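Summary of the model geometry
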Amino acid sequence: MSNGPDLVELLDLATDLVVEAGALLAGGVSSVRTDIATKSSATDMVTEMDRASERLLVEGIRSARPDDGVLAEEGTSAPNRSGVRWIIDPLDGTTNYLYGVPAYAVSVAVEVDGIVEVGVVLDAAHGELFSAVRGRGARLDGRLIHTSPTTDLGKALVGTGFGYEAVHRRAQVDVLSGVIGDVRDIRRAGAAAVDLCWVACGRLDAYYEEGIEPWDGAAGLLVAAEAGGRTWVGASPRIGRTITVAANPELFDPLLGLLVRAGAVSQRSG
Ligand code: IPD
Ligand code: CA
């Protein structure tokens, strides 16, 4: 593309849609809670909210930018005729949402010619809006944010998560057992997009997870990188999927070394 799209316009559109979708989710959480006693119907309601959020986002994108491509968790996919593709997780932290745990998010990344240039993540329970435009820093509610100053891995608070398949979860716990003794502590917030944004604003020193999907990480990875962090998505031989790592620049190499020793990464890279 010779004349690229206006990134600020993409950021504004992404922000408006994410805020609308976040309001929809926050409005539905209490009805899901009321139905938790009959868990199967609560699960259906979460699926409904997930789909409603995706519909809202995709319709907003289609009406403003009909030629853009879309890749979204609930299955919407549209070909890209403009060089721009939207990568969408309409509800990250589904299990938290089901239980009313306040860590669930709407995550939208905008790729231009295959590179994520804009990322927006709304932690909908807290109304915290994280955003980044490549080369222009990362923000929380409009204020620039930075990764933590921690330099010692032994004093690092590290986020991680687990997939849905039992075989992967067991392998992930094996890796965790090789990590937990060498860091201050572990957090499992339950929403990868939120984890990455917490690395960006220094609430976590680092994050790693095997097996997340592109829509879980696309926006948060840009937010973490623009906040000064180092990020990497590589191969995870243990579960045959990807591993995503984000940390402040001082901790990135030590954490990657630890993940190599724990068997999650086959060789140092990044
Ligand atoms: C999940 C969350 C969770 C992570 C899982 C993801 P979902 O996404 O991000 O924190 O550990 O790997 O699948 O299913 O809640 O959208
Ligand atoms: Ca997700």
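Higher on the page you've got the structure.
It should be emphasised that the depicted structure is a prediction, and the values quoted were computed from it without experimental measurement. (Residues numbered from 1 in each chain as written. Chains lettered and ligands numbered in written order. Predicted model: local features only at pLDDT ≥ 70, side-chain atom pairs only at ≥ 80, totals over all residues. Heavy atoms only, no water.)

Section: the site of ligand 1
To keep it simple, the criterion reads: Throughout, the term near means that a residue has one or more heavy atoms lying within 4 Å of the molecule or strand in question. Contacts described as polar in this section are N or O atom pairs within 3.5 Å, which, within protein, must combine one atom able to donate a hydrogen with one able to accept it, while residues neighboring in sequence count only if both atoms come from side chains. For every accessible area listed, the method is Shrake-Rupley and the probe measures 1.4 Å; residues are considered covered only by the protein chains on display. Under the DSSP-based scheme used, a helix requires at least four consecutive residues in state H or I and a strand at least two consecutive residues in state E, with every element numbered from the N terminus. Ten residue types, Ala, Val, Leu, Ile, Met, Phe, Trp, Tyr, Cys and Pro, are classed as nonpolar, four, Asp, Glu, Lys and Arg, as charged, and the remainder, Gly among them, as polar.
Residues in close proximity to ligand 1 total 16 residues, the closest being D92, G93, T94, Y164 and E209. Measuring from an oxygen atom of ligand 1, one finds a backbone N or O atom of G93 at 2.8 Å. Starting from 380 Å² of accessible surface for ligand 1 in isolation, the protein chains cover 93%. For the shell around ligand 1, the leading source of residues is strand 3 (residues 84-92), giving three residues. Its residues assigned to classes, the shell around ligand 1 shows six nonpolar, four polar and six charged.

With respect to helix 7 (residues 249-261)
The cut-off we apply is this: When accessible area is computed with a 1.4 Å probe and restricted to protein chains, residues below 20% of their type maximum are described as buried, those above 50% as exposed, and intermediate ones as partly exposed. Contacts were defined at the residue level, with two residues in contact if any of their heavy atoms lie within 4.5 Å.
Here helix 7 has its buried residues at L251, F252, L255, L256, G257, L258 and L259. On its buried face, helix 7 sits against helix 4 (166-179), strand 11 (206-210), strand 12 (230-236) and strand 13 (241-247). Two or three places before E250, at the opening of helix 7, N248 has a side-chain oxygen 2.9 Å from that residue's backbone nitrogen. G263, located one to two residues past helix 7, shows a positive phi value of around 85°.

Some points on the environment of T47
Residue position: T47 is located in helix 2 (residues 39-64). According to the relative accessible area criterion, T47 is partly exposed, its value standing at 27%.

Here we look at the nonpolar core
Quick note on the threshold: Throughout, nonpolar core names a set of buried Ala, Val, Leu, Ile, Met, Phe, Trp, Tyr and Cys residues whose side chains join them through atoms within 4.5 Å.
If you look at the biggest cluster of nonpolar residues, it comprises 38 residues, and the most contacted ones within it are L10, W86, I88, Y97 and V118. Listed by contribution, the elements that provide at least two residues to this core are helix 1 (7-34), helix 2, strand 1 (69-72), strand 3, helix 3 (94-99), strand 4 (105-112), strand 5 (115-123) and strand 6 (128-133). Considering each element in turn, this core owes the most residues, 11 residues, to helix 1. Sequence-distant contacts of W86, defined by excluding residues within four places in its chain, comprise L10, L13, A14, I61, R65, D68, G69, V70, L71, V108, A109 and V110. In this structure, A109, L196, W198 and A218 belong to the second largest nonpolar core, which totals 33 residues.

Details of the sheet that holds strand 2 (residues 77-78)
The following threshold applies: For two strands to pair, DSSP has to find at least two bridges joining them. An axis is simply a line fitted to the C-alpha atoms; with a helix, the fit covers only the stretch in contact. Between two such axes, the angle follows the N-to-C directions and lies from 0 to 180 degrees.
Spatial strand order, 2-1-3-4-5-6-7-8: eight strands in an open sheet with mixed pairing. Bordering the open sheet on either side are strand 2 and strand 8 (143-144), each of which pairs with just one other strand. Two strands pair when backbone bridges link them, and strand 1 and strand 2 are joined in this way by two bridges, in the antiparallel orientation. When the bridges of strand 2 are listed, L71 appears paired with S77. Where helix 6 (residues 214-226) meets the sheet, its contacts fall on strand 1, strand 3, strand 4, strand 5, strand 6 and strand 7 (138-140), and the angle it forms with strand 5 comes to roughly 100°.

Focus: the sheet that holds strand 11
Spatial ordering of the open sheet is given by 10-9-11-13-12, a layout of five strands whose pairing is mixed. The open sheet has two edge strands, strand 10 (185-187) and strand 12, and neither has a second partner. Here the strands of the sheet are splayed against their neighbours by 20° on average, with no regard to which way each runs. Examined bridge by bridge, strand 9 (residues 157-159) and strand 10 share three bridges and lie parallel to one another. Bridged to L157 within strand 10 is D185. Strands in contact with helix 4 are strand 10, strand 11 and strand 13; relative to strand 11, the strand with the most contacts, it is inclined by about 145°. Across the sheet, helix 6 touches strand 12 and strand 13, and the angle it forms with strand 12 is around 140°.

Quick word on the pairing of strand 5
Burial within strand 5 is extensive, with eight of its nine residues counted as buried. Bridge count between strand 4 and strand 5: eight bridges; the pairing is antiparallel. In the strand pairing of strand 5, A105 is matched with D123. Joining the antiparallel neighbours strand 4 and strand 5 is a turn of two residues, in which D113 adopts a positive phi near 50°. Where strand 5 folds back on strand 6, the antiparallel hairpin that results is connected by four residues, among which G127 adopts a positive phi of roughly 65°.

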